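Read off the chains here:
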Amino acid sequence: MPHLPAPVQPPLPRKLLSRRRVVLACAAVAALALLLAAQTTEDPGRRRAYLVGSILGNTREHTDANASARFPDSASPSPAEALLPSLLETDLSPRIAPASSVFLAPSPSPAENFDDGSMEEPEHHEIKENALKEPDSFRQEPISSGLLARSSDVSGQNDMNGKSVLTGRQRLILFLSQDQAPLWSTAADEELIYAKKEIANAPLVTDDPDLYAPLFLNVSIFKRSYEMMERFLKVFIYHDGAKPIFHSPELKGIYASEGWFMKLMEGNQNFVVRDPNRSHLFYLPYSSRQLEHNLYVPGSNTIEPLSIFLKNYIDMISAKYPYWNRTKGADHFFVACHDWGPYTTKLHNELRKNTIKALCNADLSEGIFIRGKDVSLPETFLRSPRRPLRNIGGKPAAQRTILAFFAGQMHGRVRPVLLRNWGGKDEDMRIYSRLPHRITRRRNYVQHMKSSKYCICPMGYEVNSPRVVEAIYYECVPVIIADNFVLPFDDALNWSTFSVVVAERDIPKLKEILLAIPESEYITMQSNVKRVQKHFLWHANPEKYDIFHMILHSIWFSRVNQMQIE
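As the structure is a prediction and not an experimental result, all values here were calculated from the model.

A. Main features of the overall build of the protein chain. Counting its regular elements, the protein chain contains 19 helices and ten strands. Burial status across the protein chain gives 55% buried among its 566 residues. Across the protein chain, contacts joining residues at least 24 apart in sequence account for 75% of those joining residues at least 6 apart. Of the roughly 25,000 Å² of accessible surface on the protein chain, a fraction of 53% belongs to carbon and sulfur atoms.

Spelled out as structure tokens, the structure:
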């Protein structure tokens, strides 16, 4: 007997709808009404809902049942040790409503493998202008560059420009005047104060095989501070926040610095602790690249959704844990290499003013990066995450036949001026927008850098450029053209010994400036580039004095300098 299909049931009449469906339908209508009411004053480009709870929320897979189970070896409990209820179950902001999907359509990634080195991000002129147009309540008072100078505040030296540097106490008074004094003291604070005294009385270093003294502003100060970091530093990493914005490092391309630091920091067993009461520093493990990739609306010309997201994240951890509130964020730090990293902090005053910001976009002129507190992050362009040291090295000084070389996209205020003055006008000055194919057949972009005496590193949209570290990788003396750029590791390294800094107004005299450098001085600088190279190298397993430890040391040194010595 043939098998007959089951009879199809007729649709139920409307009156038989379940109570549950009715409730859900009413809730959906109410949510839609709230969403429309909250967005009536916003631009059409911003009308997008973000499922903030699912990204900020680490849910319960990253948290333990109670504080005692989480921190069994807690040695110095704080007055507010009991954790507050999580905000992940509440509405963090009336301006951000739930959506059916967490992520937007991914924005295109920057071109990363052009042979001419055109690895910069896409152009968004209006975004920076909009980001800098902010309420007065978020704008910082300008700080004179002569106050928070680049050399150590405990060394009693002048900076490279000859400007006087504040003593440790003077700088501490300045920091404390910004209401960063902790609400209560901890054993970690006492260790920081002890470390600062030890650094101030550092023994003289004259012959350390691992540290070449001419590369440093004060090698004795640096070595003692590094020793104190190795001895004391403990970092707590917040587990809150879901991938991909949190805990999801990007290891390839021009944003690799923030990704590699995150990967190595989260996998570190020497500095990371599970007990926040033992911590000297608290790491906010988000990716500025992933923030842009997942929350920026293409064509909207606004980064406000990114800023709102970060504000809600800080509000959440400051309500859930007592540690942010103890110092108003002064012992917290984040690492961001995207150009928008500084601007996304604008909606949270304490995040912007107090937190230690490790930024590739270290621009003094915009009032966001604070010299002496914030850290200039080296921008490293990595083509192969599995082989970060591939192609390292270059020709000896005597075999470098090209005086100066640059090839890249023509954006920003500096590069068009550079091309207009030197593009195709002088055989010694190899300045290109893109390398012509007839040239790359004989010598590609990397080979040009390996064969040049000086590698020109002009700013792009922002002051930072991956070419600075690229030049060091290929043992080419970097020529940095970016006014108001704070150079990486400026608290420790003496950049005048291995690089040339040229003011933007002096671009027409660039060849004259380079030819005026004696050959013997160039050879010394090129040798110093080879010596300083190890401080800019990424290793899958971090090595002493490498770029991971140099970044961490700069953050540590900033925190130490905030401590008051009675």
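B. Fine view of the side chain of His332. With respect to the helices and strands, the residue His332 is situated in strand S3 (residues 332-336). Of note is the side chain of His332, whose polar atom sits 2.8 Å from the side chain of Tyr238. Residues contacting His332, with those up to four places away along its chain left out, are Tyr238, Phe282, Leu284, Tyr323, Trp324, Thr355 and Ile356.

C. Structural context of the sheet that holds strand S7 (residues 429-432). As summarised here, the arrangement of the five strands in space is S7-S6-S8-S9-S10, forming an open sheet in which the pairing is parallel. In this open sheet, the two edge strands, each paired with only one partner strand, are S7 and strand S10 (500-501). Where strand S9 (residues 477-481) lies against S10, two bridges are found, and the strand directions are parallel. Its bridge partner lying in S10, Ile480 is registered against Val501. Sitting on the sheet, helix H13 (residues 415-422) is in contact with strand S6 (402-407), S7 and strand S8 (452-458), with an inclination near 130° to S7. Seen against the sheet, helix H18 (residues 519-532) touches S8, S9 and S10 and runs at an angle of roughly 95° to S9.

D. Region of interest: the confidence of the model for the protein chain. Confidence in the prediction for the protein chain averages 78 pLDDT; 68% of positions are at 70 or higher. Confidence over residues 1-20 falls short of pLDDT 50; this stretch has zero contacts with residues more than four positions distant or in other chains. Under a pLDDT of 50 for its full length, residues 134-178 has, in the predicted model, 99 contacts with residues more than four places off or in other chains.

E. Here's a closer look at the state of the cysteines. Per the counting criterion, the structure on display carries two disulfides. Each sulfur in the disulfide pair Cys337 and Cys360 lies 2.1 Å from the other. The sign of the -90° torsion about the S-S bond sets the Cys337-Cys360 disulfide as left-handed. With Cys337 in the loop between S3 and helix H12 (349-353) and Cys360 in the loop between strand S4 (356-359) and strand S5 (375-376), this residue pair connects regions lying 23 residues apart in the sequence. Across the disulfide from Cys455 sits Cys476; the S-S distance is 2.2 Å. Torsion about the S-S bond of the Cys455 and Cys476 cystine: about 115°, corresponding to right-handed handedness. Taken together, the positions of Cys455 in strand S8 and Cys476 in the loop between helix H16 (467-473) and S9 put the pair 21 residues apart, joining distant regions of the chain. For Cys455, a relative accessible area of 1% corresponds to the buried category. Here Cys476 falls in the buried class, since its relative accessible area comes to 0%. Once the disulfide-bonded cysteines of the protein chain are ranked by sequence position, their pairing pattern turns out to be 1-2, 3-4.

F. Broad picture of the pattern of salt bridges. Summed over the entire model, instances satisfying the criterion amount to 20 salt bridges. Linked by salt bridges that have partners in common, Asp189, Arg326 and Asp331 make up one network.

G. Local environment of the packing of aromatic side chains. Under the definition given, this model contains 26 aromatic pairs. On the basis of an interplanar angle of 55° and a centroid distance of 5.3 Å, the ring pair of Tyr454 and Tyr522 is categorised as tilted. Here Tyr454 is found in strand S8, whereas its partner Tyr522 is found in helix H18, with 68 residues between them in sequence. Tyr522 carries the same exposure label as Tyr454, and that label is buried. Put simply, the rings of Phe236, Tyr238, Phe282, Tyr321 and Tyr323 touch in pairs and so form one group of aromatic residues. Between the NZ or CZ atom of Lys453 and the centre of the ring of Tyr522, over which it lies, the distance is 4.7 Å. Sitting above the plane of the Tyr212 ring, Arg531 keeps its charged end 3.9 Å from the centroid.

H. Broad picture of the pairing of S8. A large share of S8 lies buried, amounting to seven of its seven residues. Across three bridges, the pairing between S6 and S8 is parallel. When the bridges of S8 are listed, Phe405 appears paired with Cys455. As defined by bridge partners, S8 adjoins S9 across five bridges and the pair is classed as parallel. Bridge pairing in S9 places Cys457 opposite Ile480. Between S8 and its parallel partner S9, the chain crosses via H16, and the hand of that crossover is right-handed.

I. Looking closely at the sheet that holds S4. A sheet is described by the order of its strands in space; here five strands give the open sequence S1-S2-S3-S4-S5, paired in parallel fashion. Edge positions in the sheet fall to strand S1 (235-237) and S5, since each of these pairs with one other strand and no more. Alignment of S1 against strand S2 (residues 281-283), held across three bridges, turns out to be parallel. The partner of Phe236 across the bridge, within S2, is Phe282. Contacting S2, S3, S4 and S5, helix H19 (residues 547-561) runs over the sheet at an angle of about 155° to S4.

J. Layout of the packing of helix H6 (residues 187-200) against helix H7 (residues 219-232). Contact geometry of H6 with H7 gives a least axis separation of 9 Å together with a crossing angle of 155°. Judged by the angle between their axes, H6 and H7 are roughly antiparallel. Here H6 and H7 pass one another in a crossing that is right-handed. Each of Glu191, Tyr194, Ala195, Glu198 and Ile199 in H6 lies in contact with H7, whose residues at this interface are Ile221, Arg224, Ser225, Met228, Arg231 and Phe232. Of the residues assigned to the contact of H6 with H7, the class counts are six nonpolar, one polar and four charged.

Cut-offs applied
- Residues numbered from 1 in each chain as written.
- Predicted model: local features only at pLDDT ≥ 70, side-chain atom pairs only at ≥ 80, totals over all residues.
- Heavy atoms only, no water.
- Helix = DSSP H or I, 4+ residues; strand = E, 2+ residues; numbered from the N terminus.
- Buried < 20%, exposed > 50% of the residue type's maximum accessible area, 1.4 Å probe, protein only.
- Contact = heavy atoms within 4.5 Å.
- Areas by Shrake-Rupley, 256 points an atom, 1.4 Å probe, with all protein chains shown as cover.
- Polar contact = N/O pair within 3.5 Å; in protein donor to acceptor, adjacent residues only side chain to side chain.
- Pairing = 2+ DSSP bridges.
- Axes fitted to C-alpha atoms, helices over the stretch in contact; angles between N-to-C directions.
- pLDDT = per-residue confidence, 0-100.
- Disulfide = S-S within 2.5 Å.
- Salt bridge = Lys/Arg side-chain N within 4 Å of Asp/Glu carboxyl O.
- Phe/Tyr/Trp six-rings, centres within 6.5 Å; stacked < 30°, edge-to-face > 60°.
- Lys NZ or Arg CZ within 6 Å of the ring centre and 35° of its normal.
- Right-handed = clockwise from strand over helix to strand, strands pointing away.
- Parallel < 35°, antiparallel > 145°, perpendicular 65-115°, else oblique.
- Left-handed = near helix turned anticlockwise from the far one by under 90°.
- Nonpolar A, V, L, I, M, F, W, Y, C, P; charged D, E, K, R; others polar.

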